[in-house]
Amino acid sequence: RIHLFKDKVDRLWHSTGMEEQQKILPADNKGLFWSIRRVEKGDGTYTVISLVRDVNKEEVILSTQDVIYDIDAAPDGSSLCTVGKSVQIIRKLRKGWSTVYQRNIFAKHVAFLLEGEFIAVVLSESSWLEVWSVDEDLPIVAAIELPGEVTCISTMRDRIVAGFLSGDLMSIRLCKRNSLF
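On a predicted model such as this, the values are computed, not experimentally measured, just so you know.

Enquirer: Explain the sheet that holds strand S7 (residues 87-93) residue by residue, including any values.
Expert: The strand order S5-S6-S7-S8 describes an open sheet built from 4 strands, whose pairing is antiparallel. What marks the edges here is a single partner per strand, and that holds for strand S5 (70-73) and strand S8 (96-103). Taken over all neighbouring pairs, the strand axes of this sheet differ in orientation by 20 degrees on average, direction set aside. Where S7 lies against S8, 7 bridges are found, and the strand directions are antiparallel. Bridged to valine 87 within S8 is arginine 103.

The structure is reproduced here in C-alpha cells:
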C-alpha cells in the first residue's frame, strides 16, 4: 500500500474551465512532463502542447488549430512526435522548439521505438502500421498490414502492441533484418 501525503500534493495546472487534458507524458527523469490539451478560445479550438515545469509554470511548445490525434515522447523526453494531418518530429534547438522532420500523411497513432531512433505509425486511411526511421524524410523501414481498426498502440524497446476496435491485441516484434534494429 502506498500512502499519499496531503501536504506533498500540488495541483500543477489550474484550468480555465475551457480546457480538456488529452494526454500526459514524461519529459525527463526529474519529474517534468508534457501536457497535451484541447483549449476553447474565442476564435476556435486549439491543441496545446506544453512542458510543465512546476506549479503553473509551463513552456508552450505548440498551439495549433489542427487536430492532433496522438503524440508520443522519445524515451529521454528530448523529442516529441505528433500525428494528425501530418506526422511531425519536434525537438529543442538553440532557438527553441522546432519541427525537425515532417511527413504530410494522415495518421492516427504513433509511438517511439527502441531509444527514439524509430517511430511506429498507424495510418488513418488504410490498415497499415509502418515503422519509420527518425531521420530526414522519415523513411519507411518496415510495414505490416493489420487485421482491423486500431484504437491504440504502445511500444517498449523493439515491441509494438496494437489494440483493436474488436478488443483484440496484436504483439509485433521487430527483427534484426539488414541490421536496422
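Enquirer: Describe unusual backbone geometry, listing the residues and the values that go with them.
Expert: Positive phi outside glycine occurs at aspartate 137, with the angle close to 70 degrees. The backbone of arginine 157 sits at a positive phi, close to 50 degrees, despite the residue not being glycine. One can find arginine 157 in the loop between strand S13 (150-156) and strand S14 (159-164). We classify arginine 157 as exposed; its relative accessible area is 55%.

Enquirer: So what about the layout of surface pockets? Which residues, and what values?
Expert: Of the voids in this model, the largest pocket is the one considered here, and its volume is about 260 Å³. Listed by contribution, the elements that provide at least two residues to the lining of the largest pocket are strand S1 (19-26), S5, strand S9 (107-113) and S13. Sorting elements by how many residues they give to the lining of the largest pocket places S13 first, with 6 residues. Looking at the lining of the largest pocket residue by residue, the classes come out as 11 nonpolar, 4 polar and 4 charged.

Enquirer: Tell me what's going on with the sheet that holds S9, and back it up with residues and numbers.
Expert: Taken in spatial order, the 4 strands of this open sheet run S9-S10-S11-S12, and their pairing is antiparallel. The sheet is open, and its two edges are formed by S9 and strand S12 (140-145), each paired on a single side. Between one strand and the next, the sheet's axes are offset by a mean angle of 20 degrees, whatever the strand orientation.

Enquirer: I'd like to hear about the pairing of strand S4 (residues 57-64), residue by residue, with values.
Expert: Pairing analysis gives 7 bridges linking strand S3 (residues 44-54) to S4, with the strands arranged antiparallel. Of the residues in S4, the one forming a bridge with serine 50 is valine 60. What sits between the antiparallel neighbours S3 and S4 is a turn of 2 residues, in which asparagine 56 has the positive phi angle 55 degrees.

Criteria and thresholds
- Residues numbered from 1 in each chain as written.
- Predicted model: local features only at pLDDT ≥ 70, side-chain atom pairs only at ≥ 80, totals over all residues.
- Heavy atoms only, no water.
- Pairing = 2+ DSSP bridges.
- Helix = DSSP H or I, 4+ residues; strand = E, 2+ residues; numbered from the N terminus.
- Axes fitted to C-alpha atoms, helices over the stretch in contact; angles between N-to-C directions.
- Buried < 20%, exposed > 50% of the residue type's maximum accessible area, 1.4 Å probe, protein only.
- 1 Å grid on protein atoms, 1.4 Å probe; cavity = no way out; pocket = protein on both sides within 12 Å on 5 of 7 lines; lining within 4 Å.
- Points joined across faces, edges and corners; volume = space filled by probe spheres on them.
- Nonpolar A, V, L, I, M, F, W, Y, C, P; charged D, E, K, R; others polar.

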